[in-house]
Amino acid sequence: MEAKIDMGKTKYIFVTGGVLSGVGKGITAASIGAVLQAKGKSLSIQKCDPYLNVDAGLLNPAEHGECFVTKDGAETDLDLGHYERFLDIEVTQQSATLSGRLLKELIDDERAGKFEGKTVQLVPHLTRAIQRKIELASEGSDVHIVELGGTVGDYEGLSFVEAFREFGRRVGRENALFVHVVYVPYIGTSKEFKSKPAQNALSDLRGFGIVPDIIIVRTDSPAPESIKRKIAMFGGVPDDAVLMMPNVDSVFKIPERIAESTLLPILNHFVGDEVAPDMRRWQGLVSMQESDKSEVVRIGLVAKYLDNEDTYLSVLEALKSAAWHEGVVLETTWINAETATDEDFATVDGLLVPGGFGVRGVEGKVAAARYALEHDVPYLGICLGLQTLVIAAARRGGLGHANSDEFEKSGQNVVYIMEDQVGKESTGGTLRLGDYPAQLVPDSLAARLYDGTTIVERHRHRYEVNQAFLEQIEKGGIVVSGTSPDGRLVEFVEAPGKRYIIATQAHPEFRSRPMRPHPLFGGLIHAARPRSPHLPTPDNRPAAN
Ligand code: GLN
């Protein structure tokens, strides 16, 4: 039998799911973390994904949601965005643990002869590798939360479930808390909630040797008490360890729900103190969302994956929090980049062109930028949205065939491939990724929004602005307002004299927080307010990031 390990003072919370995935495990994990953080605990958090990809970089965002980029350049699952927003932390590569990466490392070690002739197996080698990743990711924090993607019982996730069980046993029952999130459907024809799939999911979990401490029951609408009692009984937990969680209109209400529930004494007991969580910032955020607002700001999201919120999750979250802080109602209109016309652009108060890859819909995004320049409509361009603004300006400035290497190899390529990226077009992990600094032009709109001239943002791109065409780009109405510190890469452009036309090669949405909206988004919402068409000035500037 393996000796019990001493992991310092760290306590571990394992969050797994049953019945269905996609019912809010990530938000549950982050919300439990938020409550413990409000008790004064230091938190770290990690997502384990059982699929065989090495990272989320090459996954189709329409199927899998946005690719969230960490400051150290990991291309990860969107749940890491929830973690950062709920806990106001910046996670790293260590918070993303994927089977593909683990297996690749194991196989590389096997080829390098590191196993000295032993048979390499899922148990114990993969399960040990998973536990090692948990140890590394949790170092130094009071509480470490580990979420498992998918549902317990999925073939590809079994090694993780076994690793969690073993880990729990090694650190001791008092240092590991197992939370299982299940879904209870409502059957419209018979007008009743059905707990059977959840009961089966709980018995599956027990079959793998894990007895839950807490069960979260997701439902579409409030379910009767009898469902809670049934689930407590089949889950083998007291009634108080079950929290019913019907859908809510804002995910930011969930930390408060947990803090007010019968789960609080269980969490208190687990971390060994009775300190009441200070939930004021969450209450403040919710009341900001719910306050009476009459002014509507309509932002057009010019995109190719329509009505797919997960694909643009961090962008939408950044817009929402900017609107709450600005005290306006946000209306987001999806503008189909493949069919967009000036009539579509005319229906909104501001335009946002988010990041993207591939030629599909790009002309609609260039058209949005041209429209913004011609009609002085607020425009925020993110990554590809900077490139489309530069293309639109260059075409206005006389380069009728201005384009990007990504879309048209033989054009006048005002956006071109970075030298070190040639030949890597469809490979994983080779983009310019993660935090890079930028130097902003003093007194530019960018510098005024950031309230400074040296900034850092996260990146994920392969192409860059070709500064050989600056003259034509400027003639089209755009100036460079920020570059890499060596001046080689264009990081920000803007339209002097316009209300608010600005774009960045970076992804500012990843650093926006519900309580601290990013200034570029705050600036867009502010400028797009129909009744206050001013540029942000030092006096009305939104909160700095
Ligand atoms: N496709 C563009 C590039 O690789 C933009 C990337 C993005 O928007 N994230 O440079």
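Note that the structure is a prediction, hence the values are computed from the model and not measured. (Residues numbered from 1 in each chain as written. Predicted model: local features only at pLDDT ≥ 70, side-chain atom pairs only at ≥ 80, totals over all residues. Heavy atoms only, no water.)

Caption draft 1: Here's a closer look at the overall build of the protein. Looking only at helices and strands, the protein features 18 helices and 23 strands. The C-alpha atoms of the protein give a radius of gyration of 25 Å, which matches the 24 Å a tight globule of 545 residues would have. Along the first, second and third principal axes, the C-alpha atoms of the protein reach 75 × 65 × 45 Å. With 545 residues in all, the protein has 57% of them scored as buried. A fraction of 72% describes how many contacts in the protein between residues 6 or more apart in sequence connect residues 24 or more apart. On the protein, roughly 22,100 Å² of surface is accessible, and the fraction owed to carbon and sulfur atoms is 50%. Positive and negative charge centroids in the protein, built from 59 and 75 side chains respectively, lie 3 Å apart. (Helix = DSSP H or I, 4+ residues; strand = E, 2+ residues; numbered from the N terminus. Rg over C-alpha atoms; globule rule 2.2 N^0.38 Å. Buried < 20%, exposed > 50% of the residue type's maximum accessible area, 1.4 Å probe, protein only. Contact = heavy atoms within 4.5 Å. Areas by Shrake-Rupley, 256 points an atom, 1.4 Å probe, with all protein chains shown as cover. Lys, Arg positive; Asp, Glu negative; His and termini not counted. Charge placed at Lys NZ, Arg CZ, Asp CG, Glu CD.)

Caption draft 2: Focus on the pairing of strand β17 (residues 412–417). Looking at chain direction, strand β16 (residues 402–404) and β17 are connected through 3 bridges and run parallel. Paired with A402 across the strands is Q412, a residue of β17. Here β17 pairs with strand β20 (residues 463–465) via 3 bridges, running antiparallel. Residue pairing in the sheet places V415 in a bridge with V465 of β20. (Pairing = 2+ DSSP bridges.)

Caption draft 3: How the structure looks around the nonpolar core. Membership of the largest hydrophobic core comes to 48 residues, with the highest contact counts inside it found for I13, L36, I145, V179, I216, I258 and L267. For this core, the element with the highest residue contribution is helix α1 (residues 25–38), accounting for 8 residues. Not counting residues within four places of it along the chain, the set of residues in contact with I13 comprises I32, L36, V143, H144, I145, V146, L177, V179 and F270. Counting 39 residues, the second largest nonpolar core, distinct from the first, contains V348, A394, I473 and A495. (Core = buried A, V, L, I, M, F, W, Y, C linked by side-chain atoms within 4.5 Å.)

Caption draft 4: Focus on the site of the ligand. In the neighbourhood of the ligand, the contacting residues comprise G355, G356, F357, C383, L384, Q387, E406, R460, H461, R462, Y463 and H507. In the environment of the ligand, a nitrogen atom lies 2.7 Å from a nitrogen or oxygen atom belonging to the side chain of E406. For the ligand, an oxygen atom lies 2.9 Å from a polar atom in the backbone of R462. Notes on the ligand: free accessible area 300 Å², of which the protein chains cover 99%. Applying the majority rule of atoms within 2 Å of the grid points places the ligand in the largest cavity. Among the secondary structure elements, those contributing two or more residues to the shell around the ligand are α15 (384–396) and β19 (454–461). (Near = heavy atom within 4 Å. Polar contact = N/O pair within 3.5 Å; in protein donor to acceptor, adjacent residues only side chain to side chain. 1 Å grid on protein atoms, 1.4 Å probe; cavity = no way out; pocket = protein on both sides within 12 Å on 5 of 7 lines; lining within 4 Å. Sits in = over half its atoms within 2 Å of the grid points.)

Caption draft 5: View of the packing of α1 against helix α10 (residues 263–271). Two elements in contact, α1 and α10, have axes separated by 11 Å at closest approach and are oriented at 65°. At the point where α1 passes α10, the crossing takes the right-handed sense. Counting all contacts with α1, which are made through I32, V35 and L36, the residues of α10 involved are L264, L267 and V271. (Axes fitted to C-alpha atoms, helices over the stretch in contact; angles between N-to-C directions. Left-handed = near helix turned anticlockwise from the far one by under 90°.)

Caption draft 6: Inspection of the UniProt feature "domain: CTP synthase N-terminal" (unreviewed entry) in the protein at higher detail. Feature annotation in UniProt places "domain: CTP synthase N-terminal" (unreviewed entry) on residues 11–267, given in this structure's numbering. The distance from the first to the last C-alpha atom of residues 11–267 is 11 Å, and the span holds 41% helix and 19% strand. (UniProt positions renumbered as here; feature names shortened; annotations may be inferred.)

Caption draft 7: Structural view of the side chain of S31. Along the chain, S31 falls in helix α1. When its relative accessible area of 0% is taken as the criterion, S31 is described as buried.

Caption draft 8: Spotlight on empty space enclosed by the protein. Per the stated rule, a full pass over the model turns up 4 cavities of 30 Å³ or more. Taken together, G356, F357, C383, L384, Q387, E406, R460, H461, R462, Y463 and H507 make up the full set of residues lining the largest cavity. Within the residue set of the lining of the largest cavity, elements represented by two or more residues are α15 and β19. (Points joined across faces, edges and corners; volume = space filled by probe spheres on them.)

Caption draft 9: Spotlight on the pairing of strand β14 (residues 350–353). Residue alternation in β14 divides its side chains into two sets, G350 and L352 and L351 and V353, and both sets are buried. Pairing of β14 with strand β15 (residues 379–382) involves 3 bridges; the strand directions are parallel. Looking across to β15, one finds that V353 is bridged to G381. For the segment spanning β14, helix α14 (residues 362–375) and β15, crossover handedness is right-handed. (Right-handed = clockwise from strand over helix to strand, strands pointing away.)

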